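# Per-entry structural report
So you can see what is in the structure, the chains are spelled out below.
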Amino acid sequence: VSLCRKNGAQAQVLGAEWGLPKERWQAIATDLDETLWVRGAQSLYALAKGAQRFSRIAGVPTATAAGGPALALGPDGSLLISSDQGIVQKSGETWT
């Protein structure tokens, strides 16, 4: 499933020129800083507000188990993701 951006009546597929590989994007969320997060079973990418390219987030646990990947914001605005081991929270550069 590709990620698309709508601009007026035009739709644009966001791919390699935006820093996104071909992957099945299964979860999308926007955080309190207006960063757009996209999640596939094997990876997580972020597009900061005003940026023109997504950044790959390293060290993300996989989410290949039943139910697939999910994204959510915690009560404090922190990013929560599903993983094969359960729900994990981004804490700086690590997942706990």
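Conventions used here
Residues numbered from 1 in each chain as written. Predicted model: local features only at pLDDT ≥ 70, side-chain atom pairs only at ≥ 80, totals over all residues. Heavy atoms only, no water. pLDDT = per-residue confidence, 0-100. Helix = DSSP H or I, 4+ residues; strand = E, 2+ residues; numbered from the N terminus. Buried < 20%, exposed > 50% of the residue type's maximum accessible area, 1.4 Å probe, protein only. Polar contact = N/O pair within 3.5 Å; in protein donor to acceptor, adjacent residues only side chain to side chain. Contact = heavy atoms within 4.5 Å. Pairing = 2+ DSSP bridges. Lys, Arg positive; Asp, Glu negative; His and termini not counted. Salt bridge = Lys/Arg side-chain N within 4 Å of Asp/Glu carboxyl O.

## Some remarks on the confidence of the model for the protein
Considering every residue of the protein, the mean pLDDT works out to 87; 98% of them sit at 70 or more. Across the protein, the element-wise mean pLDDT spans from 80 in strand β10 (residues 94-95) up to 96 in strand β6 (residues 55-56).

## Let's talk about the side chain of D31
For D31, the location among the structural elements is in the loop between β3 (27-30) and β4 (36-39). According to the relative accessible area criterion, D31 is buried, its value standing at 14%. Engagement of the side chain of D31 in a polar contact is seen with the backbone nitrogen of T35, the distance being 2.9 Å. Here the side chain of D31 touches W37 through a polar contact of 3.0 Å, side chain to side chain. When residues no more than four places from it in sequence are discounted, the contact partners of D31 are W37 and L73.

## Looking at the sheet that holds β3
The four strands lie next to each other as β3-β4-β5-β6, forming an open sheet whose pairing is antiparallel. The open sheet has two free edges, formed respectively by β3 and β6, since each of these has just one partner strand.

## Points about the side chain of R39
The residue R39 is located in strand β4 in this model. No salt bridge is formed by the buried R39, whose closest oppositely charged neighbour, E23, lies at an N-O distance of 6.6 Å.

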